[in-house]
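Structural overview
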Amino acid sequence: MEIIAHRGCAEEYPENTIRAVERSSRRLPAVELDVRQCRSGELVVFHDETVGRVTDGRGSVAGMDWTRLRELEVLDSGERIPLLSEALAAIPPDVGAQVELKQAGVAADAVATVADARVDARFTSFRPEVLTEVRDHDPCAPLGYLFGQAVGVETGLDTALALDCDYLHPHATLCLETDVVERAQEVGMDVVAWGVDDAATVEALQEANVDGATADSWTLTGERAEVEAMAAD
């Protein structure tokens, strides 16, 4: 089962930063990145709508220009919010990307940025209309539909099929408590779980024949955690 570095292994490194991308790429075969558009039009790698949880600033990403966003420090780490192009450039050639689009209206720029970076990437979103936009701009782009228990298995599967998705991304609980894995694989979709936060869940997902999972720590693969000197960063 493929383990994907959720936000660049957010438990180990400052999430969605260049350091997180570079370090998690040494451990795992793919890195997940969250993408938003700021007020001045640039695509940035950031999860939340607002910056307060992980930076020393206040306000929304959509309401701030790149010149301001680039000044903010992420989790007192010395790392800054990167552009999508910068984060993709930090991914080694043999590592893939899972690009989660957090809002509508960014697909054209995101598709072009990924193409310019020549990174093996799939596009994911919780919003079906966003995946439709991606398909409109790149009919061959690998797509994955993210959903949780509130959406449910039937709607999740129907939506992914209607979007012609290559991947289904249910919450881990759905993978373990329903028949969603078998049903998705029967129609040709790989299943990549999210909401994975412990080794026991990883093991259970493996037993359920799940194809992949996003996780905040590379140590959930069963490797021994190692103390990394600051100089290595």
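In this text the structure is predicted, and so the values were computed from the model without any measurement.

Regarding the packing of aromatic side chains
Enumeration according to the criterion identifies two aromatic pairs in this entry. For the pair F126 and W194, a centre-to-centre distance of 5.4 Å together with 90° between the ring planes defines the contact as edge-to-face. With F126 in the loop between β7 (121-125) and α5 (128-137) and W194 in strand β10 (residues 190-196), this residue pair connects regions lying 68 residues apart in the sequence. Under the relative-accessibility criterion, W194 is labelled partly exposed at 24%. Summarising the aromatic geometry, the rings of Y145 and F147 are spaced 5.6 Å apart at their centres and angled 20° between planes, so their arrangement reads as stacked. Of the residues examined, Y145 reaches a relative accessible area of 4% and is grouped as buried. A cation sits over an aromatic face here: R27 above W218, 3.9 Å from the ring centre.

Comments concerning α5
Within α5, burial applies to V130, L131, V134 and R135. Take α5 and look down its axis: the buried residues cluster within an arc of 140°, on one side only. Contact partners of the buried residues in α5: β6 (96-101), α4 (107-117), β7 and β8 (143-147).

Things to note about the pairing of strand β11 (residues 212-215)
When a strand is regular, its side chains alternate between the sheet's two faces. Here β11 shows a buried face lined by G212 and T214 and a second buried face lined by A213 and A215. When strand β1 (residues 2-5) meets β11, the two strands line up parallel, connected through four bridges. When the sheet's bridge partners are listed, A5 is paired in β11 with A215. By the bridge criterion, three bridges tie β10 to β11 in an arrangement that is parallel. Its bridge partner lying in β11, V192 is registered against G212. Handedness of the β-α-β unit built from β10, helix α9 (residues 199-207) and β11 comes out right-handed.

Describing the packing of α4 against α5
α5 packs onto α4 with a crossing angle of 55° between their chain directions and a minimal axis gap of 8 Å. As summarised for this structure, α4 and α5 are arranged oblique, according to the angle between their axes. Seen along the crossing, α4 lies across α5 with a hand that is right-handed. Together, A107, A108 and V111 of α4 and V130, E133, V134 and H137 of α5 make up the contact between the two elements.

Description of unusual backbone geometry
Of note, the phi angle at C9 is positive, near 65°, even though the residue is not glycine. Among the structural elements, C9 can be located in the loop between β1 and α1 (18-25). Positive phi values are uncommon outside glycine, yet N16 reaches one of about 60°. Secondary-structure assignment places N16 in the loop between β1 and α1.

Procedures and definitions
Residues numbered from 1 in each chain as written. Predicted model: local features only at pLDDT ≥ 70, side-chain atom pairs only at ≥ 80, totals over all residues. Heavy atoms only, no water. Phe/Tyr/Trp six-rings, centres within 6.5 Å; stacked < 30°, edge-to-face > 60°. Helix = DSSP H or I, 4+ residues; strand = E, 2+ residues; numbered from the N terminus. Buried < 20%, exposed > 50% of the residue type's maximum accessible area, 1.4 Å probe, protein only. Lys NZ or Arg CZ within 6 Å of the ring centre and 35° of its normal. Arc of directions from axis to C-beta. Contact = heavy atoms within 4.5 Å. Pairing = 2+ DSSP bridges. Right-handed = clockwise from strand over helix to strand, strands pointing away. Axes fitted to C-alpha atoms, helices over the stretch in contact; angles between N-to-C directions. Parallel < 35°, antiparallel > 145°, perpendicular 65-115°, else oblique. Left-handed = near helix turned anticlockwise from the far one by under 90°.

By themselves, these figures tell us nothing about what the structure is for.
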